[in-house]
Amino acid sequence: MSSASTTLAPNVRGVGAPGRRKVYSMCGMCAVRCPMEVTVENGRVTWIQGNPHDEAIGASLCAKGAAGLAFESDDQRPQTPLIRMGPRGSGQWRRASWDEALDVVADGLKETIEAFGPRGIALSDRGGFFTDLTRTFVKALGSPNYFNHDASCNGNAHNAGRSIYGFPSAGLVFDYANTKHLVLYGRNIVESLMVKEAKAFMAAVANGMRVTYIDPRATVTACKATRYWRVRPNSDYALNLALIHEILKTESYDKVFVERFVTGMDALREAVKDTTPEWQEPHTGVPAAELRAFVKEIAGQAPRVIFHPGWMSARHKQSFHVTRSTLILNALMGNIETPGGCLIAKPPEFYGRKSLKPLASRVPAVTEPRVDGAGTSRPSWDPGIGVLHGLFSALETAQPYGIGAYFAYRHDPLTGMPDAEAMKRAMDKLKLLVSIDVRYSETGWYSDVILPESTYLERANILAGIPGPVPVIAMRDQAIAPRFDSRPAWWIFREILRRMGVKEALDFETIEELWNYQLEGTGVTVAEMREEGVVRLADAPKLTPREKLRFPTPSGKIEIESEVLAKAGLPCLPPYEPKEAPAGDRFTLLFAKTATLAHGQSLNNPILSEIAPEQVLWIHPDRARPLGIGDGDTVEISGGGSYAGTMKARVTTWIHPEAVFMLHGYGATVPLATRALGVGVADQRLQHGKLYDFDPAGGGCALTETVVRIRPAAAGGAR
Ligand SMILES: Nc1nc2c(c(=O)[nH]1)N[C@H]1C(S)=C(S)[C@@H](COP(=O)(O)OP(=O)(O)OC[C@H]3O[C@@H](n4cnc5c(=O)[nH]c(N)nc54)[C@H](O)[C@@H]3O)O[C@H]1N2
Ligand SMILES: Nc1nc2c(c(=O)[nH]1)N[C@H]1C(S)=C(S)[C@@H](COP(=O)(O)OP(=O)(O)OC[C@H]3O[C@@H](n4cnc5c(=O)[nH]c(N)nc54)[C@H](O)[C@@H]3O)O[C@H]1N2
Ligand code: SF4
Ligand SMILES: [Mo]
């Protein structure tokens, strides 16, 4: 029997009240979390739109955001806590009360602590604005093993930023409105979108911003560009080394900026002395003359030139160095903290204000080393976010130590990480696998306990402190009462900590009490937060004066030669590793998002499932013809494991001949999500063997090194 009272649904004050009111929230239909305004009438949501008090977004939401009400009214989601009855993944569940489910979780944690100590507990989440909560939860339990999802998102770019600028790549914000030229490496801004960024990009394009778009396939963003380079897959590092060579040779860089703010130029000159435009041509496919013309063009536009360090573009074993070299290119442009360049995201303290008071400061530091070695045996990996495949390898080998319990909170590794079979093998070693989600995820279906979180409209979150040119505090307030027996995350974690006897960390009775704690000393009140949902902590953005510009690196400068990497025994400027061209029926597998779906979480949405594009396989005619594949034919695609799938071929010259392309987010297997079940092919399951194949410096999985085989499907083989 539990001593904690869990019967009370912790609704925010005013929820369900009669009348019409506006509630400020953040969209929850993808992890971008755009600020939004919710109109509630008599306890029901009647309209959602972007938060008009936030100028950058206005009333806009994307198609996924607009499908939020369809998600809310969908019954195909966990409606009560569920406890697994049969073998893992068998789909045999029983409904449970919160008390019972949380007791099962607490028992599993106690068993884990007995076997492995507190460090045997791990949690991964989606990262982003609200991680103070999850980090605090893990820390309060005494474990160092908090992970975000970046091992398969922007972990390489994140760690590359730290190694050279001293802060993660997300510490740069791009001043599209004032730039003359934007260079994108597979950053598909228009389709893989964040509403504010897509709007700023489109406005800048309309204003004459030049765009160079680099991608082995032509995206919608490529169609908006002034120059498109259809590069060979995974070759951007060669391109960058040649760009740097040409920029140095033609002295087209900002000497004053470099002299003052950059170290390691001699090493850079040495590393690129032979990487000429001609040298890169066979590696990337970009004609040397075009590369020279590009450098000439940007020389006249700098510092209003941005090389976007990207997120997803390429995930291979040198992609850390793609981002590092991209960040070097920005430094050479002298565009840091200049209009039309890369602005540094600022904390409130920059403007004489105070940051939100961290929940994590309520619990003592954990001194145990992380299970993935981040920050210890792997000094170049940020211990603040970890590298998730390190958890799975530890599960398989019990090295460097054993793990017994794993929470996947707002994270679906069986969709978002490569090679589900390998992950399931690792998960089978767990005593306890808990999924905290708003729908049936692939990971949820394989877990021991599903704890349904209330949807973003049905709950409040902790406040988010978001750094930027103008830092803000943003709120997700509760709009309506939960439809089912679900709970908000802060409450779920609080209840678990109470059962574990470490309640101090999150011992708040209401979310308002928690918010008041966070707001202490900021000069902002909950009432003010509720007025517009977003409070700006400065009137207008200010640039750091040049004499005060210092980077959080050991030298205070942008470090091309990095101590962190030296300590890790890693080269700062390794030579480019040439890529083999797959031949015959073998292709490099490219994958990406589409504008109307968010990863694997949208395909079951009643509206989005209707408008979702058919998943087709892009293939170049020169490679399709010898295989006997014509446009519209059904092809089979396999990745070396037991998993294979079929889809229609789209024969097109808009893709590099060495690659094929498909959309991510299809091929779901959960029977209770009937609209997504069996639709399409799961690219992550074709990425066989990629869970433990990663970039050693950045830690990210080498997803884009996946080679697949393509052949015409046997007659009747089509789904
Ligand atoms: N093969 C392949 N792999 C990829 C990618 C790819 O394109 N191809 N993309 C990569 C990228 S960029 C990323 S970011 C990752 C994404 O991987 P994930 O982070 O796992 O993906 P998401 O779809 O953001 O959401 C994860 C889970 O959060 C749940 N969720 C949504 N809203 C809420 C909520 O309010 N509360 C709770 N508790 N849960 C919620 C969703 O239902 C979903 O199950 O995948 C990466 N992996
Ligand atoms: N609609 C929608 N929008 C989203 C998301 C979503 O799920 N749906 N997810 C959000 C998230 S979490 C993220 S991280 C971002 C991701 O945003 P992006 O980084 O733009 O990611 P992707 O859509 O995965 O597109 C990656 C592109 O990289 C290209 N590419 C592959 N290999 C190479 C290479 O070697 N070199 C170059 N230059 N390009 C290459 C692919 O062809 C593809 O077009 O999108 C965000 N926005
Ligand atoms: S990008 Fe679209 S789905 Fe994602 S948070 Fe913004 S409006 Fe919602
Ligand atoms: Mo991502």
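What counts, and at which threshold
Residues numbered from 1 in each chain as written. Chains lettered and ligands numbered in written order. Predicted model: local features only at pLDDT ≥ 70, side-chain atom pairs only at ≥ 80, totals over all residues. Heavy atoms only, no water. Helix = DSSP H or I, 4+ residues; strand = E, 2+ residues; numbered from the N terminus. Rg over C-alpha atoms; globule rule 2.2 N^0.38 Å. Contact = heavy atoms within 4.5 Å. Areas by Shrake-Rupley, 256 points an atom, 1.4 Å probe, with all protein chains shown as cover. Lys, Arg positive; Asp, Glu negative; His and termini not counted. Charge placed at Lys NZ, Arg CZ, Asp CG, Glu CD. Phe/Tyr/Trp six-rings, centres within 6.5 Å; stacked < 30°, edge-to-face > 60°. Lys NZ or Arg CZ within 6 Å of the ring centre and 35° of its normal. Pairing = 2+ DSSP bridges. Axes fitted to C-alpha atoms, helices over the stretch in contact; angles between N-to-C directions. Near = heavy atom within 4 Å. Polar contact = N/O pair within 3.5 Å; in protein donor to acceptor, adjacent residues only side chain to side chain. Nonpolar A, V, L, I, M, F, W, Y, C, P; charged D, E, K, R; others polar. Buried < 20%, exposed > 50% of the residue type's maximum accessible area, 1.4 Å probe, protein only. Parallel < 35°, antiparallel > 145°, perpendicular 65-115°, else oblique. Left-handed = near helix turned anticlockwise from the far one by under 90°. pLDDT = per-residue confidence, 0-100. Core = buried A, V, L, I, M, F, W, Y, C linked by side-chain atoms within 4.5 Å. Salt bridge = Lys/Arg side-chain N within 4 Å of Asp/Glu carboxyl O.

Chemist: Can you tell me about the overall build of the protein, naming the residues and giving the values?
Modeler: Of regular secondary structure, the protein possesses 24 helices and 27 strands. Here the C-alpha radius of gyration of the protein, 25 Å, is about what a compact globule of 719 residues would show, namely 27 Å. Reported as C-alpha extents along the three principal axes, the dimensions of the protein are approximately 75 × 70 × 50 Å. Sequence-distant contacts, at least 24 apart, represent 73% of the contacts inside the protein between residues at least 6 apart. Element-wise, carbon and sulfur atoms account for 53% of the exposed surface of the protein, whose accessible area totals about 26,300 Å². Each charge class in the protein can be summarised by its mean position, and for the 81 positive and 78 negative side chains these summaries are 1 Å apart.

Chemist: An account of the packing of aromatic side chains is needed here, citing residue identities and associated values.
Modeler: Pairs of aromatic rings are described using the distance from one ring centre to the other and the angle between the two planes. Taken as a whole and assessed by the stated rule, the structure comprises 21 aromatic pairs. With a centroid separation of 4.9 Å and 80 degrees between ring planes, the pair formed by Phe350 and Tyr351 is classed as edge-to-face. Just above the ring of Phe350 sits the side chain of Lys346; from NZ or CZ to the centre is 5.2 Å.

Chemist: Explain the sheet that holds strand β11 (residues 227-229) to me, and be specific about the residues and the numbers.
Modeler: Taking strand neighbours across the sheet as the criterion, the four strands line up as β11-β10-β9-β13 in an open arrangement whose pairing is parallel. Looking at strand neighbours, the two that pair on one side only are β11 and β13 (305-308), the edges of this open sheet. Across this sheet, the average inter-strand angle for adjacent strands is 10 degrees, counted without regard to direction. Strand direction decides the pairing type here: strand β9 (residues 181-185) and β13, joined by four bridges, are parallel. Among the inter-strand pairings, Leu184 is bridged to a residue of β13, identified as His308. Relative to the sheet, helix α8 (residues 236-249) contacts β9, β10 (210-214), β11 and β13, its axis offset from that of β9 by approximately 145 degrees. Taken strand by strand, helix α12 (residues 288-299) contacts β9, β10, β11 and β13, and its axis lies near 140 degrees from that of β11.

Chemist: Can you break down the sheet that holds strand β4 (residues 82-84) residue by residue, with the values?
Modeler: Pairing in this open sheet of seven strands is mixed, and the strands run β5-β4-β17-β16-β15-β6-β7 from one edge to the other. Only two strands of the sheet have a single neighbouring strand rather than two, namely β5 (93-95) and β7 (146-148). Pairwise comparison of adjacent strand axes, ignoring direction, gives a mean angle of 20 degrees for this sheet. Two strands pair when backbone bridges link them, and β4 and β5 are joined in this way by three bridges, in the antiparallel orientation. From the neighbouring strand, Leu82 faces β5, where its bridge partner is Arg95. Contacts from helix α3 (residues 98-116) reach β4, β5, β6 (121-125), β15 (405-409), β16 (432-437) and β17 (449-452), with the element oriented near 130 degrees to β17.

Chemist: Outline the site of ligand 2, listing residues and values.
Modeler: In the vicinity of ligand 2, 30 residues are found, and the nearest of them are Asn188, Ser192, Asp215, Asn234 and Leu597. Between ligand 2 and Thr594, the relevant distance is 2.9 Å, taken from a nitrogen atom to a main-chain nitrogen or oxygen of the residue. A distance of 3.0 Å separates an oxygen atom of ligand 2 from a polar backbone atom of His599. In the complex, 98% of the free accessible area of ligand 2, which totals 910 Å², lies under the protein chains. The residue inventory of the shell around ligand 2, partitioned by class, reads 14 nonpolar, eight polar and eight charged.

Chemist: Break down the site of ligand 3 for me, with residues and values.
Modeler: Taken together, the residues surrounding ligand 3 are Cys27, Met29, Cys30, Val32, Arg33, Cys34, Leu61, Cys62, Lys64, Gly65, Leu193 and Val195. For the shell around ligand 3, the class distribution of residues is nine nonpolar, one polar and two charged.

Chemist: Which residues make up the side chain of Thr39, and what values do they have?
Modeler: Here Thr39 is to be found in strand β2 (residues 35-41). Looking at Thr39, the relative accessible area reads 3%, which means it is buried. Sequence-distant contacts of Thr39, defined by excluding residues within four places in its chain, comprise Arg20, Arg21, Lys22, Arg44, Val45, Thr46 and Trp47.

Chemist: Now, about the environment of Ile306: what can you tell me, with residues and values included?
Modeler: Among the structural elements, Ile306 can be located in strand β13. Residues contacting Ile306, with those up to four places away along its chain left out, are Phe174, Asp175, Thr179, His181, Leu182, Val183, Asn330, Asn335, Gly340, Gly341 and Cys342.

Chemist: Can you tell me about the side chain of His245, naming the residues and giving the values?
Modeler: Turning to its location among the elements, His245 is positioned in helix α8. A relative accessible area of 12% means that His245 is categorised as buried. Contact partners of His245, with chain neighbours within four places excluded, come to Val272, Lys273, Asp274, Thr275, Thr276 and Pro277.

Chemist: Give me the lowdown on the environment of His620, citing residues and values where you can.
Modeler: Within the secondary structure layout, His620 lies in the loop between β23 (616-619) and α23 (621-624). We classify His620 as buried; its relative accessible area is 6%. Each C-alpha atom, one on His620 and one on Thr131, is 43 Å from the other, the two residues being 489 residues apart in sequence. Discounting residues that sit within four places of it in the chain, His620 has contacts with Arg230, Val651, Thr652, Thr653, Ile655, His656 and Pro657.

Chemist: Kindly report on unusual backbone geometry, identifying the contributing residues and their values.
Modeler: Omega for the bond connecting Ala302 with Pro303 falls within 30 degrees of zero, at 5 degrees, which places this linkage in the cis form. When you line up the elements, Pro303 lands in the loop between α12 and β13.

Chemist: Lay out the packing of α8 against helix α11 (residues 277-284) with the relevant residues and their values.
Modeler: Two elements in contact, α8 and α11, have axes separated by 9 Å at closest approach and are oriented at 165 degrees. Between α8 and α11, the interaxial angle falls into the category roughly antiparallel. Every pair of crossing elements has a handedness; the one defined by α8 and α11 is left-handed. Taking contact as the criterion, the partners of Ala238, Leu239, Leu241, Ala242, His245 and Glu246 in α8 are, on α11, Pro277, Trp279, Gln280, His283 and Thr284.

Chemist: Tell me what's going on with helix α5 (residues 155-165), and back it up with residues and numbers.
Modeler: The buried fraction of α5 amounts to 10 of the 11 residues, a majority that puts the element mostly inside the structure. Listed as buried for α5 are Gly155, Asn156, Ala157, His158, Asn159, Ala160, Gly161, Ser163, Ile164 and Tyr165.

Chemist: Would you mind going over the confidence of the model for the protein in detail, with residue names and values included?
Modeler: For the protein, per-residue confidence averages 96 on the pLDDT scale, and 98% of positions sit at 70 or higher. This model gives residues 1-5 a pLDDT under 50, and the stretch forms eight contacts once residues within four places in sequence are excluded.

Chemist: Could you give an account of the pairing of β23, naming the residues involved and the relevant values?
Modeler: Here β23 shows two buried faces, one formed by Val616 and Trp618 and the other by Leu617 and Ile619. Bridge analysis of β23 against strand β25 (residues 644-651) gives four bridges, and the strand direction is parallel. For Trp618, the partnering residue across the bridge sits in β25 and is Arg650.

Chemist: Go over the nonpolar core with me, naming the residues and quoting the values.
Modeler: If you look at the biggest cluster of nonpolar residues, it comprises 70 residues, and the most contacted ones within it are Tyr165, Phe307 and Leu332. For Phe307, the residues in contact, after removing those within four places along its chain, are Val183, Tyr185, Leu243, Phe294, Ile298, Thr326, Leu329, Asn330 and Met333.

Chemist: Could you give an account of the pattern of salt bridges, naming the residues involved and the relevant values?
Modeler: With the rule as written, the count across this model stands at 44 salt bridges. For Glu705, the salt bridge goes to Lys317, with nearest N and O atoms at 2.9 Å. Of the two residues, Glu705 is situated in the loop between α24 (683-686) and β27 (707-712) and Lys317 in the loop between β13 and α13 (319-333); the sequence distance between them amounts to 388 residues. Classification of Lys317 as partly exposed rests on a relative accessible area of 31%. In the salt-bridge network here, residues are joined through shared partners; they are Asp99, Asp103, Arg494, Glu495, Arg498, Arg499, Asp507 and Glu509.

Chemist: A description of the packing of α3 against helix α18 (residues 489-499) should follow, citing residues and the corresponding values.
Modeler: Where α3 meets α18, the axes come as close as 9 Å, and the angle between the chain directions of the two elements is 55 degrees. As the angle between them shows, α3 and α18 are arranged oblique. Both α3 and α18 take part in a crossing whose hand is right-handed. On α18, the residues that touch Trp98, Asp99, Leu102, Asp103, Val105, Ala106, Leu109 and Lys110 of α3 are Trp491, Ile492, Glu495, Ile496 and Arg499.

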